[in-house]
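# Tertiary structure, described
These are the residues of each chain, in order.
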Amino acid sequence: MGKSQKKRSMRRHNPMRVPDSHLPKGLESAASSSPKNEAVLPIIQKLESPDASERKWACVAVSNLIQNDPSTRRLLQGKNVVGALITRLSDSEEEVWIEAAGALRNLCIDGGYDICAEMYNKNILAPLKTFVPKISSALSQFLESPKTAPENAQKVVYEFTENVNTILWCLSEASNKALNAINQINLVPFLMSFLAARAKLPLATVTAAAQCLYVLTDDNQPAIDELRSNAAYSTCLLEIVHNEGGVTGKDKEVFGDRLTTLKVLSSGILSNVSPFPPPSGASGVDVGKEIVLPLLQPVVASVSLTESSALAESLVAKIALEPPQIEKLSLKSAPKSDHRSDTEVELDRLENKLRTVQLALEILTGVCATLPDPDPISEAQEGEPDAEEDDEDHDAEIEEDVTDDMALDDIPTTNGTATASHLPALVEPLITLIQPVRLSFPPAAGQSSHPPTTSVLSAIHVSALECLNNIFLSLSASPSSGLAAASASGTQIWDGVWAALGSVGTEITRGQERKQEMWEIGVGVLWGVGNIWKGSLVPNEEQVQLLIQLCNSSADPAIRVKCIGTLECLAQHPQSIDANRIIAMHLLSILPTSTAPSTYGTEPLIQTVSALIDIYSDENLPYDVNFRQGNFVQCLVDSVDGVRKAVRAIDRRKERDLKLRGEEMRDNLIAFIKYRRALRF
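Report on the accompanying structure.

Cut-offs applied
- Residues numbered from 1 in each chain as written.
- Predicted model: local features only at pLDDT ≥ 70, side-chain atom pairs only at ≥ 80, totals over all residues.
- Heavy atoms only, no water.
- Helix = DSSP H or I, 4+ residues; strand = E, 2+ residues; numbered from the N terminus.
- Buried < 20%, exposed > 50% of the residue type's maximum accessible area, 1.4 Å probe, protein only.
- Contact = heavy atoms within 4.5 Å.
- Axes fitted to C-alpha atoms, helices over the stretch in contact; angles between N-to-C directions.
- Parallel < 35°, antiparallel > 145°, perpendicular 65-115°, else oblique.
- Nonpolar A, V, L, I, M, F, W, Y, C, P; charged D, E, K, R; others polar.
- Salt bridge = Lys/Arg side-chain N within 4 Å of Asp/Glu carboxyl O.
- Left-handed = near helix turned anticlockwise from the far one by under 90°.
- Arc of directions from axis to C-beta.
- Core = buried A, V, L, I, M, F, W, Y, C linked by side-chain atoms within 4.5 Å.
- Phe/Tyr/Trp six-rings, centres within 6.5 Å; stacked < 30°, edge-to-face > 60°.

## Regarding the overall build of the protein
A count of helical and extended segments in the protein gives 32 helices and 0 strands. Looking at the protein as a whole, 53% of its 681 residues are labelled buried. For the protein, the share of sequence-separated contacts (at least 6 apart) that also reach a separation of at least 24 residues comes to 81%.

Listed below in structure tokens is the structure:
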């Protein structure tokens with residue numbers, strides 16, 4: 001089957017917190033929609049001021065100006081705020097470079113890939129590299145002799161460290177170039193030192209180090225090797241995961257949330273680096289089964305997105321009644337970048353809790369991907385020319401005797417891990433998490449009332465769908481008769497996915513790209529569910545038409561393949577003869593004819609051939625009447641030449657798996673035509 005699992009959907013672990021995709025391109029649209037247009041130029045000018053207090057003020061002002069405001073962020077970018085702030089990292093005054101790091105950190109988190117790439121291109125790593133040994137030295141001093149520095153001085157260093165580690169985390173996701181450059185700094189011992197000293201450090205500082213380490217160990221061999229090389233590192237991570245230390249006092253809930261985040265990150269690092277070699281304490285541990293699933297399942301089941309959305313809206317309404325931060329900006333008032341009201345702190349805490357859920361989903365998605373990766377292409381195979389195609393005189397072949405051992409396209413079996421048996425328990429909370437709520441998406445061509453909440457809610461929906469996608473691919477790769485027999489559960493899950501997609505809707509405008517993403521991943525989930533409960537899911541006319549519509553409108557071959565696969569499953573409900581005919585007519589329209597090639601692309605064509613063979617492989621099913629009455633066998637005969645040409649055009653060196661599958665389907669098609677003709681209905 002032409003399916004793929006997502007061990008990582010993309011390198012971006014922290015989706016753009018305050019998106020600007022709803023804005024038309026260019027600075028003009030940003031200037032017209034920014035309420036703070038006039039404040040931008042004075043701030044840029046003050047970043048270059050000879051007065052250190054003005055430079056510090058300007059750095060803080062940038063953080064305040066960009067808060068939930070993509071228009072002003074874009075305006076500042078247009079005035080080279082990134083370059084100006086990077087220059088301030090080398091400022092002669094300590095307070096200035098501390099505040100500059102805070103502003104750059106906020107730009108990274110809010111602005112995503114583009115700003116991070118700009119920072120890398122403007123050589124932000126040069127000053128950042130100099131901070132690492134300085135931070136290490138200060139940290140050692142604080143830990144050895146806590147009383148040598150006042151508490152306030154320590155707080156400044158910890159917050160600065162958190163900002164530096166967050167920038168490094170975001171940069172490492174921006175591009176492979178940036179990641180390779182960061183690998184040269186050898187950050188693993190530096191970051192692990194924070195985790196090792198966690199009992200004596202602020203939890204936020206430790207968590208920022210863990211977040212950076214989690215990203216660095218994601219499919220990045222130098223960092224993985226470094227972490228594996230020291231048994232103390234895995235021991236430290238296991239201790240964090242298993243920490244049951246009690247939390248007391250007024251900050252109990254806040255501390256508890258942060259500790260949960262640290263545990264989730266530590267489990268993610270262990271999952272990234274596993275398996276560990278002896279003598280590591282984690283060498284005999286099945287990280288997925290023994291750590292990730294037991295720890296993260298309660299995390300994803302602990303949140304109500306409906307309640308979270310309602311709380312965010314009420315807090316935003318409350319903040320609107322408070323004086324805006326921009327009014328507090330004056331040299332006399334000496335603003336601070338961390339100056340936030342209690343309501344803003346509560347809103348931040350809600351966002352962080354939701355981001356922990358999204359992080360847990362991302363880690364679970366990787367653990368649920370139990371299918372093995374495709375075998376790498378060997379050098380011999382890469383240089384291998386295409387084999388000669390079969391004799392062009394296919395009509396003669398079709399008339400030959402029917403062979404009994406024709407190979408139909410069955411669900412593949414794999415070396416799935418023991419995790420597969422633990423996956424069904426995850427499904428119910430995941431189905432809940434894919435259901436959109438009021439703040440899930442921004443309004444059409446507009447901005448959400450609180451972009452960070454909307455960003456994380458939509459990320460949770462997408463991550464939960466990706467996790468479901470991997471679960472059902474893993475389950476269908478390890479078929480269970482008991483699971484297949486639970487048709488009521490299958491219908492309930494199927495309806496749950498469609499309920500989510502129905503809430504998303506098909507009207508998708510600029511700025512609502514996450515809606516499109518949900519459809520694209522959601523169809524993959526439907527295909528996985530359909531494969532497990534094939535024949536028991538009753539096709540719904542509206543759903544069938546939506547799948548056909550998406551198949552026709554999408555330019556992405558992978559989406560078309562998912563739609564075709566899902567339709568194939570629906571077509572196999574024995575009693576749904578009309579739905580079977582509608583689906584079959586769509587599939588036949590994808591095939592090439594004797595006079596024209598297929599316009600759907602090679603992979604969708606191969607999937608279509610597979611689907612038609614699978615649907616009509618049993619002539620005793622009630623819906624087979626459509627095959628006979630519609631003379632489908634002649635349509636298949638007319639398609640053989642076009643299928644041959646499409647398969648011949650696949651470059652074996654570049655697309656080996658597709659080539660092999662195409663050749664298999666070509667041969668199966670010819671054998672299937674012989675088989676159907678031999679029945680002589």
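## Notes on the side chain of threonine 205
Position of threonine 205 relative to the elements: it lies in helix 12 (residues 203-216). With relative accessibility at 1%, the residue threonine 205 sits in the buried group. Threonine 205 has contacts with Tyr158, Thr161, Glu162 and Phe194, leaving out every residue within four places of it along the chain.

## Focus on the environment of leucine 636
Mapped onto the elements of the fold, leucine 636 is located in helix 31 (residues 632-648). Setting aside residues up to four positions removed in sequence, leucine 636 forms contacts with Leu591, Leu612, Phe627, Leu669, Phe672 and Ile673.

## Comments concerning unusual backbone geometry
In this model, serine 274 is joined to proline 275 through a cis peptide bond whose omega is 5 degrees. With respect to the helices and strands, proline 275 occurs in the loop between helix 15 (252-273) and helix 16 (287-301). At asparagine 186, a position not held by glycine, the phi torsion is positive, near 55 degrees. Within the element layout of this structure, asparagine 186 appears in the loop between helix 10 (176-183) and helix 11 (188-196). For asparagine 631, which is not a glycine, the phi torsion comes out positive at approximately 50 degrees. By secondary structure assignment, the location of asparagine 631 is in the loop between helix 30 (625-629) and helix 31. Note on asparagine 631: relative accessible area 43%, which makes it partly exposed.

## As for the packing of helix 26 (residues 541-553) against helix 28 (residues 577-590)
At a closest axis distance of 11 Å, the pairing of helix 26 and helix 28 adopts a crossing angle of 10 degrees. With respect to helix 28, the axis of helix 26 lies roughly parallel. Here Val544, Gln545, Ile548, Cys551 and Asn552 of helix 26 come into contact with helix 28, specifically with Ile582, Ile583, His586 and Ile590. Taken together, the residues that form the contact of helix 26 with helix 28 break down as 6 nonpolar, 3 polar and no charged.

## Some words on the pattern of salt bridges
In this structure the tally under the stated criterion is 20 salt bridges. In this structure, lysine 155 and glutamate 159 form a salt bridge, with 2.9 Å as the shortest nitrogen-oxygen distance. Remark: glutamate 159 and lysine 155 occur in helix 9 (residues 151-174); sequence separation between them is 4 residues, near one turn of the helix. Judged by its relative accessible area of 42%, lysine 155 falls in the partly exposed class. Measuring nitrogen to oxygen at the nearest pair gives 3.0 Å for the salt bridge that ties aspartate 614 to lysine 534. Remark: lysine 534 occurs in the loop between helix 25 (513-532) and helix 26 and aspartate 614 occurs in helix 29 (residues 602-615); sequence separation between them is 80 residues.

## Details of the packing of helix 5 (residues 81-88) against helix 6 (residues 94-111)
Following both chains from N to C, one finds helix 5 and helix 6 inclined at 145 degrees, their axes separated by 8 Å at the closest point. You can see that helix 5 and helix 6 cross each other, and the crossing is left-handed. Contacts between helix 5 and helix 6 pair Val81, Val82, Leu85, Ile86 and Arg88 from the former with Val96, Trp97, Ala100, Ala103, Leu104 and Leu107 from the latter.

## Thoughts on helix 13 (residues 221-228)
Turning to helix 13, its buried residues number three or more, namely Ala223, Ile224 and Leu227. End-on, the buried residues of helix 13 take up no more than an arc of 100 degrees, which puts them together on one face.

## Focus on the nonpolar core
When a protein is soluble and globular, its nonpolar side chains tend to lie buried together. Counting 195 residues, the largest nonpolar core has Leu85, Met119, Leu128, Leu195 and Phe472 as its most contacted members. With 11 residues, helix 22 (residues 451-477) is the single largest residue contributor to this core. If sequence neighbours within four positions are ignored, methionine 119 has contacts with Val82, Ile86, Leu104, Leu107, Cys108, Ile124 and Leu171.

## Here's the deal with the packing of aromatic side chains
Going through the model one piece at a time under the given rule, you end up with 13 aromatic pairs. Aromatic pair tryptophan 97 and phenylalanine 131: ring centres 5.3 Å apart, planes at 25 degrees, arrangement stacked. Of this pair, tryptophan 97 sits in helix 6 while phenylalanine 131 sits in helix 8 (residues 125-144), and the two are 34 residues apart along the sequence. Of the two residues examined, tryptophan 97 and phenylalanine 131, each falls in the buried class. Relative to phenylalanine 632, the ring of tyrosine 616 lies with its centre 5.8 Å away and its plane at 75 degrees, an arrangement referred to as edge-to-face. With a gap of 16 residues between them, tyrosine 616 in the loop between helix 29 and helix 30 and phenylalanine 632 in helix 31 connect regions that are remote in the sequence.

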